[in-house]
Each structure stands twice: as structure tokens, then as C-alpha cells.
Amino acid sequence: MVDRLLGRGREPGHQAAPVPEAAAEDPRAAVWSRVQLARNIRRPRTLELLDAMTDEFIELHGDRLFADDAAIVAGLTRIDGVRFVVVGHQKGADTDENIRRNFGMPNPEGYRKGMRVMELAERYGLPVLTLIDTPGAFPGPGAEERGVAEAIARSIGLMSRLRTPIVTVITGEGGSGGALAIAVGDVVIAFENAVYSVISPEGCASILWRTADEAATAALAMRMSAADQLALGVVDRIVDEPGEGAHTDHVETGRRLRPVVAEALAALAAIPVDELVEARYQRYRAFGPYTEAPRPTPPSVERGGIAGRLRGILDAGRSLGVPVAGERKRGAEDAQEPEGV
Amino acid sequence: MPLKFPSFRPRREEYPADLWTKCPGCGDQLFNKQLDKTLRVCPSCGHHLRMSAQARIDHLLDPGSFQERDGGLTSVDPLGFVDQKPYPDRIVAAQVATGLRDAAVWGFATIEGTRVAIVLMDFGFMGGSMGAVVGEKVARAAEAALAERVPLVILSASGGARMQEGTLSLMQLAKTVAALERLREARVPFISVMSDPTTGGVFASYAALGDINLAEPNALIGFAGARVSAGTIAAELPPGFQRAEFLLDHGFVDRIVTRSELRSELAALLRFVRPAGVAAPDDNEADESLLSRPMSLLSALADRMIGEEPAPPAQAAAEAPASADPAASGDRIASAPAEGGPRDG
């Protein structure tokens, strides 16, 4: 129902995104040019986009616990007659602002502010728009001390059950858990040059290729471009950017996003809230393919004679397709470096 | 004529990997058979070494009580991911090394008689990383715990999300947390146990969200890798950064529990936090219900006679009757009259 209402997929007539000519041949260079566009310092952030696409914005500050985090902005906004709450990452447009906004890397306070404002939205029947553009949550010691992981987990949890519509737009960098923390939506939209990944391409390359120089290779392997994310179903819809990219024209970028957000909000408003929350649950519940083979039961090892017993033991192992647990290599638990992120 | 004895001095290079393990805490060479007897805790320095899912099952759960569910779930390669090795080859190599299908197993079991849904992660399988299979198992365990109204226990040992599945592994954070939110809404308890390591996307999702959070001593628990943190601030990190004790100091872990006490601690906690609508345990009722089951009574008596002597903590002695027969007492909880009424979790 949600799918139908929202007309998921690309708009008809969508053109393949323009990529620099040199990159057109090499898929690695193509995806890397997108990563660069997504990170462009002049790219419009939450405040610039709100300025270009909404008719009113009242910013709200603070998490009521510790501080106000400038890397996430939150507030009340309006498109025509539709009032809603917005939460979004905010990078700086120059070095000074970037330092003040921590390069768009939120501390736990940013997520807790977001949660506070989203709860306010739920309480007063306002839908929520979130705008995503972060390299990731801040990995500093202060963030760890104040529980950035807990803040991310709670924020994901709150959004998964929030009884009001949520529209999410990946506007630039969708950097891992720091992005997902405010990106659990009924509809997930992305700008055409946005990227979304489980770890930064540099981080992935330095772990799996043992050098950050392979970042472009990692970016390609992770299929982090908006188009790839659409194909994977992580993103529902793509919005084209003007000219050479969103950074070239903030006003036009906002003008293009405005009707898409308005349309999504209107479509979601028509869905009863119980159905909405259930559909959101199922949207995230369905992610990630796997196969499900019934585990074969090993045949009985009780056969006559020592040869029969040996054969029984060997066959049991073979039919499982994997060695029996006892064969586990000693020390494997401790030798290994963490492979996750 | 002096006798010449052959030298038995061990030479470091010659320790066979399958016989000895070097303690990461104090550097002592530990004999593996001995290490298994001490639950992989170093007898010299108390360091808690990593433990396989199977060893956890053997030590934490009532013997024979574990019934695995969804054992056939196997990872696929949704992105066609190739780094220095194709992802499917990595999966097969991990399966061969561990004998597991993926980095987590889940099932129903009893802990000192209390029935639980339990997820056990195994760091030996690709660093315990969470892809679609681990996420699916956690979500199914949470949904089954909700349906059957039994507490959920998750024992984490993971570096985080599995890079080879890209954003689909990132989505597992939302999948698992959404399922846990439903559990919480229904007031079915969830106890999170964090072992070394619990980092990245696993710590930033279900592991951080227990009604009660436990951690093993000195376990590495954090969001970003310590090297990332140090690089970001270009400074020395405080000692003990991202260790279990650091988390306890900053308020994100309820208790640090040594491995030898984990089982009894979980059992004790599970007697307090019970799914809403399930009767609270009646401490005086144990004898009565055991009388109606002669075999249980016998084993309970035997257990008491054997069990009382080496039980320095008061807790262990008090627990003896309940732990006598896991099946019987699990039964008892399910069929007990709801006189105490539910307690809030």
C-alpha cells in the first residue's frame, strides 16, 4: 500500500546522471566522482535546503541533558499548509563553521536532541522529515564516554516505532550508523549524487585492502551510489540534481526536492498510523538476503565394525558440509582482528 | 661421569598452536586443556579470553537444554563483493574453521531452570560480524521471545556490521532494534551480555539496549575503533578506554560479571525481570512441585547434598532446589498459578 501510494522507483524520464567524461569508462572513477560530489564543501546542507524548499523554519536547540550539538539541527517547518518537524545533519560551508559543526559528525547530544524533537512531533501529530549528510557519528573519546552507540541505538529504536510519518532524504554522505540513527523512515529518498555505506570507503579499504589508497575500489565494491542503493531497495526514490551537482545551485536543488517531500508527506498522511508503523517495521525487517536450508541430520553412526563406524563419522561430517565443531582451529578466536565496523 | 639430561626447557618457537595459547593479558603460555577447564580465563591474570559459541552453550546453559533454531540460515553475497578474496570464499573458510554456518546461533534453553531465548555470537566466524544472517537470527529470537513470552538473552562477541554486505548489513541495526522495541513494549525482558569485543554496529544496536546490560571484565566495548578515536583527536587515549570498566564508570553497563559467575548471575536476574503476564517465581513453592515429580525430588535432594558444600556465595545455596531439574522447574514456571502477578520488567 505504501509502495503504491508513493510510486516507488525513479521518476519516469530519469536520465542517467552526468559523470565526468574521463570517469564514464571506469566504474571505479565513476563511483569515486560521486563520493567527491557527495562530500563537496559547497553542497547544500539541512539549513540551506530548508531555506530553499520550505516556507518557515523555527530551530529548536538542546537535548535537555547535556548540550546542544551543532552537527545536528532540528526544528519546526512548513511547506504550504503542511507543518512538520525536521531533523538533519549540518556540515559547515567553510573551515570555521566546520569546526563549530564538527564536520557534521554528531556527538550523542545531537541524536538525543533529534529524539526529543521527534517525540515532540509524535505528541503533537506532526510528521517528521530527516535530512542525512554525515561522514559518521563523532568517534572521539567524549562521544564514547557519553554513549554515542547507545544514543544511535535508541534513536533507531524510537524511529522504528514512532507513531507519525517519517520521510528521510539522503542529501549527501550517508555515513554508517551515524546516518542510520536518523534515517529510519517510511520513505527513503536520495539525491542522485548522494552515497550511503556501512563504513567510509577509506575505512573499508584500510581494513580489507590494508591501505586507504584503495578507497575507490572499496566504494565500488560496497555499491554505495544512490542508484545502487535504489537497486538494493535501501533507497525508494532518487531526485535528480541540477547541472553538475547540487552544489552548483542550492535554490534549484531545494525547488526539486520540495514537491517530492510534499508528495511523500501527503501520501503517508493518508495511511492509518497502525498500518504505517507496521509497514515501517516490515520494511526494515525484510532487509538482507540469506538462504535457509534445513540443517541435514547426520546419518546414524551405528554401523558394524570399526570401518563402518569410521565411515559413519566421516559421512556425517560430509553431509553437514562443514567440519564438526571439534575440529575448530585452536586460537582462532584470539588471533583474528575484528572484521566488522 | 656427569649424567647428561636432555633439556626440557620449552623454546618459545616450538609451542604447537593447538596445544598452547598465549594469554593476551599477561603473556603466559597456557595449556589449552587447562584453559578450557577454567572457562578460558587465564589462571595467572584473570584475563577473559574469547570463547566459542559452543563453549558458551556448554558452560552457560542447563546441560542438554539448548534447542537450536534456524540453524540452516546461511549468508549469501548480495553485492558480489570481492576484496582480496571473494566474500563467498571467506564465508566457506570461516565455516570450515569454526564448524558454524554463521557468526551467531540462537535457540531456546534453560538457565538454572528458567526458559530463555538466547543468541550466542562467535567471534571466530569473520570477527563475529553481523550480516543478514546474524540480524535475522537476532530478529527471529526477539520475535519468538515475544510470541512465547520468555526472556531474551543475547551474548555479543562482534567487531560490528559485516562490510561485505554493505548497507544491507547496516540495515540489520534497524531490523534488530525494531524487533527489540516490540519486545520492550510488551514488557518481555532482554538481557544483553557484552563479551570481548562488542563494537561498532553491534554495540550501536541491540547490545546497548538491554533492560539490563552485563559485561565481562576488561571486554573491549565501543563504537569506533580505538585507532580511529586516537587518530581523530591525535592524542593519547585515557587508559582503559572502551573497556568494560570504562563503560561501567560512564553508566552504560549495569554490572561487570566474571565468566564463572555469569550463569548464576543471569539466573538470579531472570528471577526478578519476568515477562509481563508470567507468574513471578514463588521461592517457597519449589519443594511442593518437586514432590509431585518423584525423580525431580531425588535429583534435587542429591543436588542439595552435593551442591551445598562448595557453595560459598549465599546465592548458590539458595538456588540449589530450583536448579535441580531444569526441565521440571521450567515446567513449573509455565504451569504455576499466577498468584504473585506480573512484576514490571
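Not measured: the values here are computed from a predicted model. For every chain, the first residue of the written sequence is number 1, and numbering continues from 1 onward in sequence order. Written order decides the labels, with chains lettered from A and ligands numbered from 1. With the structure being a predicted model, the display of local features is reserved for residues of pLDDT at least 70 and the display and counting of side-chain atom pairs for 80 or more, all residues being used for whole-chain, interface and lining totals.

### Concerning the overall build of chain B
In terms of helices and strands, chain B carries 13 helices and eleven strands. Going through the 345 residues of chain B one by one, you find that 51% of them count as buried. What counts as a contact here is a pair of residues whose C-beta atoms, placed from the backbone, lie within 7 Å. Pairs at least 24 residues apart make up 69% of the contacts formed inside chain B by residues separated by at least 6 positions. To qualify as a helix, a DSSP run of H or I must reach at least 4 residues; to qualify as a strand, a run of E must reach at least 2; elements of each kind are numbered from the N terminus. Three classes are used. A residue is buried when 20 or more other C-beta atoms lie within 10 Å of its own, exposed when 12 or fewer do, and partly exposed in between, with C-beta atoms placed from the backbone.

### Considering the overall build of chain A
When its secondary structure is counted, chain A shows 16 helices and nine strands. Looking at the 341 residues of chain A, the share that counts as buried comes to 49%. In chain A, 69% of the contacts between residues at least 6 apart in sequence involve partners at least 24 apart.

### Structural notes on helix H13 (residues 250-269) of chain A
Each residue after the first adds 1.5 Å to the expected span of a helix. Between its first and last C-alpha atoms H13(A) spans 28 Å; for 20 residues at 1.5 Å apiece the expected length is 28 Å, and the two agree. Where H13(A) is concerned, the buried positions are A:Thr253, A:Leu257, A:Val261, A:Ala264, A:Leu265 and A:Leu268.

### Some details on the packing of helix H14 (residues 273-285) of chain A against helix H5 (residues 166-185) of chain B
To describe two helices that pack against each other, one gives the angle between their axes and the distance between the axes. For helices, the fitted line uses only the C-alpha atoms of the stretch in contact; every axis is such a line through C-alpha atoms, and the angle between N-to-C directions lies from 0 to 180 degrees. The interhelical angle for the contact between H14(A) and H5(B), taken along N-to-C directions, is 130°, at an axis separation of 8 Å. Between H14(A) and H5(B), the angle falls in the class oblique. When the axes of H14(A) and H5(B) are compared, the crossing they make is left-handed. Of the residues in H5(B), those in contact with A:Tyr281, A:Tyr284 and A:Arg285 of H14(A) are B:Met171, B:Ala174, B:Lys175 and B:Ala178. Grouping the amino acids of the contact of H14(A) with H5(B) by side-chain chemistry returns five nonpolar, no polar and two charged. These descriptions rest on fixed angle ranges, namely under 35 degrees for roughly parallel, over 145 for roughly antiparallel, 65 to 115 for roughly perpendicular, and the rest for oblique. Two helices cross in a left-handed way if the nearer one is turned anticlockwise from the farther one by less than a right angle. They cross in a right-handed way if the turn is clockwise. Residues are grouped as follows: Ala, Val, Leu, Ile, Met, Phe, Trp, Tyr, Cys and Pro are nonpolar; Asp, Glu, Lys and Arg are charged; every other residue, Gly included, is polar.

### Looking at the pairing of strand S6 (residues 187-191) of chain A
All names here are of chain A. Judged by how many residues are buried, S6 sits mostly within the fold: five of five residues are covered. For two strands to be treated as a pair, DSSP must find no fewer than two bridges joining them. Inspection of the sheet shows strand S5 (residues 166-175) paired to S6 by four bridges, in the parallel sense. Paired with Val169 across the two strands is Ile189, which belongs to S6. Bridge count for S6 against strand S8 (residues 237-239) is three bridges, and the pairing is parallel. Following the sheet pairing, Phe191 is matched in S8 by Val239.

### A short note on the nonpolar core
In this structure, A:Met118, A:Ile152, A:Ile156, A:Ala190, B:Val119, B:Ala142 and B:Leu152 are the most contacted members of the largest nonpolar core, which totals 173 residues. In contact with A:Ile156, not counting residues within four places along its chain, are A:Leu180, A:Ala181, A:Val184, B:Leu173, B:Ala174, B:Val177 and B:Ser205. Think of a nonpolar core as buried Ala, Val, Leu, Ile, Met, Phe, Trp, Tyr and Cys residues, each tied to the set through C-beta atoms within 7 Å.

### Points about helix H10 (residues 201-208) of chain A
All names here are of chain A. With six of eight residues buried, H10 lies mostly within the body of the structure. Within H10, burial applies to Pro201, Gly203, Cys204, Ala205, Ile207 and Leu208. Looking at the buried residues of H10, the elements they touch are helix H3 (27-38), strand S7 (195-197) and helix H11 (215-221). Count one or two residues on from H10 and you reach Arg210, which has phi positive near 60°.

### Some words on the packing of helix H4 (residues 46-53) of chain A against H13(A)
Residues and elements named next belong to chain A. Closest axis-to-axis distance for the H4/H13 pair is 8 Å, and the angle between their directions is 70°. Taken together, the axes of H4 and H13 lie roughly perpendicular to each other. Crossing geometry of H4 relative to H13 is assigned as right-handed. Where H4 abuts H13, its residues Glu48, Leu49, Ala52 and Met53 lie against His250, Val251, Thr253, Gly254, Arg255, Leu257 and Arg258.

### What to know about the interface of chain A and chain B
The interface is formed by 64 residues belonging to chain A together with 83 residues belonging to chain B. At nine residues, helix H8 (residues 148-161) of chain A tops the list of elements feeding residues into the side of chain A that touches chain B. Across the side of chain A that touches chain B, the residue classes break down as 35 nonpolar, 13 polar and 16 charged. Bridge count for strand S9 (residues 290-292) of chain A against strand S4 (residues 73-75) of chain B is three bridges, and the pairing is antiparallel. Within the sheet, the bridge partner assigned to A:Thr291 lies in S4(B) and is B:Thr74.

### Re the confidence of the model for chain A
Residues and elements named next belong to chain A. As a per-residue measure, pLDDT reflects the predictor's confidence and takes values from 0 up to 100. Per-chain confidence: chain A averages 86 in pLDDT, with 79% of residues scoring 70 or above. Here residues 9-16 scores under 50 on pLDDT; set against residues more than four positions off or in separate chains, the count is five contacts. Predicted confidence is poor over residues 297-303, with pLDDT under 50, and the contacts of this stretch with residues over four places away or in other chains come to 16 contacts.

### Focus on the pairing of strand S3 (residues 82-89) of chain A
Two faces make up the sheet, and in a regular strand the side chains alternate between them. All names here are of chain A. Within S3, six of the eight residues are buried, which leaves the element mostly enclosed by the surrounding structure. Across eight bridges, the pairing between strand S2 (residues 72-79) and S3 is antiparallel. Bridged to Gly75 within S3 is Val86. Here S2 folds back onto S3, and the loop between the two strands holds two residues, one of which, Asp80, carries a positive phi near 50°. Bridge count for S3 against strand S4 (residues 128-134) is four bridges, and the pairing is parallel. Bridge pairing in S4 places Val87 opposite Thr130.

### Quick word on the confidence of the model for chain B
Detailed reading of the predicted model is not advised wherever pLDDT is low. All names here are of chain B. The predicted model of chain B averages 82 in pLDDT, with 73% of residues at 70 or higher. The spread of mean pLDDT over the elements of chain B runs between helix H13 (residues 326-335), the lowest at 38, and strand S9 (residues 212-215), the highest at 98. Contacts for the low-pLDDT stretch residues 286-292, under 50 throughout, to residues beyond four places or in other chains number nine contacts. Per the prediction output, this complex has pTM 0.82; the corresponding ipTM is 0.85.

### As for the environment of A:Gly203
For A:Gly203, the location among the structural elements is in helix H10. The sequence separation of A:Gly203 and A:Val341 amounts to 138 residues, and the corresponding C-alpha distance is 9.0 Å.

### Things to note about unusual backbone geometry
All names here are of chain B. The peptide bond linking Asp196 to Pro197 adopts the cis configuration, its omega dihedral lying at -10°. For Pro197, the location among the structural elements is in strand S8 (residues 190-199). Of note in the backbone geometry, Arg40 takes a positive phi value of approximately 55° without being a glycine. With respect to the helices and strands, Arg40 occurs in the loop between helix H1 (32-37) and helix H2 (53-60). In this model, Arg149 sits at a positive phi of 55°, which is unusual for a non-glycine residue. Position of Arg149 among the secondary structure elements: in the loop between helix H4 (132-148) and strand S7 (152-158).

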